[in-house]
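Fold and geometry: a report
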Amino acid sequence: MIMLTALITPAWGIKPEITDIEDIDDKVTLQIQVTGEESKPIMGLAESDFQLKVLDKKNNKTYQGKQLPFDWKSPRETTPPDAWIVVLIDFSGSMNCSQALNTKCDAKAVAKGKRKLDAAINALGTFIKLASERKGNTYLSIVPFGVEGKNDKPGACNYYPKVTSETLDNFNLVQDVKLTNFLGSLADKTPCATTNFYQALKETVKFFKNDKEGRFYPKDKEGKPLKPQPRLSIILLSDGFDNNSNYQEIQKTLANLQNNKDIVVHTLGYGLTPQQLGKKYSLGKPAVRGDINNPKLSQATREQIEKEFVDQKQLAEIAKLTGGVTEFAGDADEIAEKLEIFLDAIQGRYEISYIQPNVRRGGEYVATVFTQKVASKSKPYTLDFFGRTLPLETRILMLICIFLALGLGGVIPFYYWGKWLKEKQN
């Protein structure tokens, strides 16, 4: 059963944000993302939870309440902008281990259909189904990753899935059966590589940051960005830790993520928590990465911890840098639940539409949204399209001028001309 994210949370944990502003003539539409603790999306709010305030900067006049009626839509009713999502799925050897995480990780003894990989593939199938039922265009590319380990024996693995522009550019609409077929082909493979998610993230960000790519950064005929821009997201699913990248590579990737805030990364760790892993192997404490080389532990225990340790700290740091969500799945059923949270974070926006009072061409305004009385950051916008409705006082003045023109240049002269004709006939 899919866990519902439509939960009302206390106001102290709520954070509204105006993510997009669109305007057509004098109608303005705001896209609003509402998050709670740890940037998790809040999907179950009602219209009564929202208030709107708009400042007309020229007149220093604020409109709100009855002065500013608005139409409201829930995230399920809105049509979001296009979304381009890359799912990076860990193809390390530990993904061959059993879905039953309380057992030892003996990859060779687990039949296909019972592996952690199979649980992840099934969850992605559910994710695709849920995304296909929503409005808007959602494009998905599923990319396995992994490299040869530094200590791997020659010939120990025959499948190292590289993350390149070619493998990344494998997008299909979520309604396309090609995605389901691709998942089926992944299920036939045997993961055996080593985890390198920092390298995978680096290549994916590089791929997305091609500002000449019209799919990701559409522009109008004048070269200006179209509004709203598509949403670019990465979902990173890993059951381990990056033991391939060095410190310099990690820091460079983290800096690159921080400098490209238009690309949001959501991370999902799959496995046992450090507390559960410590209990499983009687460590007397939560497991840490250093236990892999702890001489006080037996070699067999160290090898098992290396196969099963999931570095929550690494994954959480990556998500936080980009404003994404980090989750942890302790069993197969939870993966789909967590992926739905990511989908809500990517596509879940409330919508408020209103007619701008006393709109003027070139007018500068500032919008603020309140959710459960918590204010968003104010967002400025300018209505500067040619042909926009003029302010009411301007329209009245123009109407008076027209009547005067008709009176002085049309009706009044005609009256006196007719009177002159009558006098001439008499």
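Below or above, wherever it landed, is the structure these notes cover. Within every chain, residues take consecutive numbers counted from 1 along the sequence as written. Where local features are concerned, this predicted model is filtered to residues with pLDDT of at least 70; where side-chain atom pairs are given and counted, the filter is 80 or more; whole-chain, interface and lining totals use all residues. Note: side-chain values were computed over all heavy atoms of the structure, leaving out hydrogens and water.

Bringing helix H8 (residues 312-322) into the picture now. When a residue's accessible area, from a 1.4 Å probe over protein chains only, is under 20% of the maximum for its type it is buried; when over 50% it is exposed; and in between it is partly exposed. Put simply, DSSP marks the helices as runs of H or I at least four residues long and the strands as runs of E at least two long, and each gets a number from the N terminus on. When we look at burial in H8, the residues that qualify are Gln 314, Leu 315, Ile 318, Ala 319, Leu 321 and Thr 322. The buried side chains of H8 occupy one side of the element, clustering within an arc of 160° when seen end-on. Away from the buried face of H8 by more than 90 degrees, exposed residues Lys 313 and Lys 320 are located. What makes two residues a contact is simply this: any of their non-hydrogen atoms within 4.5 Å. If you follow the buried residues of H8, they end up packed against helix H4 (197-208), strand S9 (231-238), helix H5 (247-258), strand S10 (263-270) and strand S11 (326-329). The arc in question is traced by the directions running from the helix axis to the C-beta atoms.

Pairing of aromatic side chains here covers Phe, Tyr and the six-membered ring of Trp, requires ring centres within 6.5 Å, and sorts the geometry by plane angle: under 30 degrees stacked, over 60 edge-to-face, intermediate tilted. Counted under the stated rule, the structure contains 15 aromatic pairs. For the ring pair Trp 84 and Phe 216, a centre distance of 5.4 Å and an interplane angle of 75° mean the geometry is edge-to-face. Here Trp 84, found in strand S6 (residues 83-90), pairs with Phe 216, found in the loop between H4 and S9; they are 132 residues apart in sequence, far enough to count as distant. With relative accessibility at 6%, the residue Trp 84 sits in the buried group.

Counted at 1.5 Å a residue, the expected span for H5 with its 12 residues is 16 Å, and the 17 Å between its end C-alpha atoms agrees. Taken together, the buried positions of H5 are Ile 250, Thr 253, Leu 254 and Leu 257. Along the long axis of H5, the arc covered by the buried residues comes to 100°, so they all point the same way. Within H5, the exposed residues directed more than 90 degrees away from the buried face are Gln 248 and Lys 252. Within 3.5 Å is the distance limit for a polar contact, defined as a pair of N or O atoms, with the added protein rule that one can donate a hydrogen and the other accept it, and that residues adjacent in sequence qualify only through two side-chain atoms. The backbone nitrogen of Gln 248 has a side-chain oxygen 3.1 Å away, supplied by the residue at the start of H5, namely Asn 246. Expected helix span is taken as 1.5 Å per residue step, with the number of steps being one fewer than the number of residues.

The strand order across the open sheet formed by 6 strands is S8-S7-S6-S9-S10-S11, and the pairing between neighbours is mixed. Both outer strands of the open sheet, strand S8 (172-173) and S11, are each paired with one neighbouring strand and no more. Note on pairing: two strands pair once DSSP finds at least 2 bridges between them. Relative to S11, S10 is paired through 4 bridges, and the arrangement is parallel. Counterpart to Gly 269 in the pairing with S11 is Phe 328. Lines are fitted to the C-alpha atoms to define the axes, a helix being fitted only along its stretch in contact, and any angle between axes, read from their N-to-C directions, falls within 0 to 180 degrees. Its contacts with the sheet place helix H3 (residues 177-187) against strand S7 (138-145) and S8, and it is angled at close to 10° to S7. Of the strands in this sheet, S6, S7, S9, S10 and S11 are in contact with helix H9 (residues 332-347), which crosses S10 at around 170°.

Attention shifts here to the pattern of salt bridges. Put simply, a salt bridge is a Lys or Arg side-chain nitrogen that is within 4 Å of an Asp or Glu carboxyl oxygen. Under the definition given, this model contains 18 salt bridges. Notably, a salt bridge pairs Asp 239 with Lys 116, separated by 2.8 Å at the nearest N-O pair. One end of the pair, Asp 239, is in the loop between S9 and H5; the other, Lys 116, is in helix H1 (residues 116-132), and 123 residues separate them in sequence. There is no split in this pair, since Asp 239 and Lys 116 are both buried. A salt bridge links Lys 129 to Glu 133; its shortest N-O distance comes to 2.7 Å. Salt bridges sharing partners connect three or more residues here, namely Glu 38, Lys 40, Glu 327 and Lys 338.

Contact geometry for H1 and H9: axes closest at 8 Å, N-to-C directions at 35°. For the crossing formed where H1 meets H9, the hand is right-handed. On H9, the residues that touch Ala 119, Ala 120, Ala 123, Leu 124, Thr 126, Phe 127, Leu 130 and Ala 131 of H1 are Ala 332, Ile 335, Ala 336, Leu 339, Glu 340 and Leu 343. As a working rule, the residues Ala, Val, Leu, Ile, Met, Phe, Trp, Tyr, Cys and Pro are called nonpolar, Asp, Glu, Lys and Arg charged, and the rest polar, with Gly in that last group. Classifying every residue of the contact of H1 with H9 by side-chain character gives 12 nonpolar, 1 polar and 1 charged. The sense of a crossing depends on the near helix, which, turned anticlockwise from the far helix by less than a right angle, makes the crossing left-handed and, turned clockwise, makes it right-handed.

Now for the environment of Pro 41. Its location among the elements puts Pro 41 in the loop between strand S2 (27-35) and strand S3 (50-56). Each C-alpha atom, one on Pro 41 and one on Gly 348, is 7.4 Å from the other, the two residues being 307 residues apart in sequence.

Once that is clear, we can look at the side chain of Asp 311. Tracing the backbone through its elements, the reader meets Asp 311 in the loop between helix H7 (299-308) and H8. Its relative accessible area of 11% is what places Asp 311 among the buried residues. At a separation of 3.1 Å, a polar atom in the side chain of Asp 311 contacts the main-chain amide nitrogen of Gln 314. Ignoring any residue separated from it by four or fewer positions in sequence, one finds Asp 311 in contact with Gly 240, Phe 241 and Arg 289.

We call a pair of cysteine sulfur atoms a disulfide whenever their separation is within 2.5 Å. According to the stated counting rule, one finds 2 disulfides in the structure shown. One disulfide bridge connects Cys 97 with Cys 105, the sulfur atoms lying 1.5 Å from each other.

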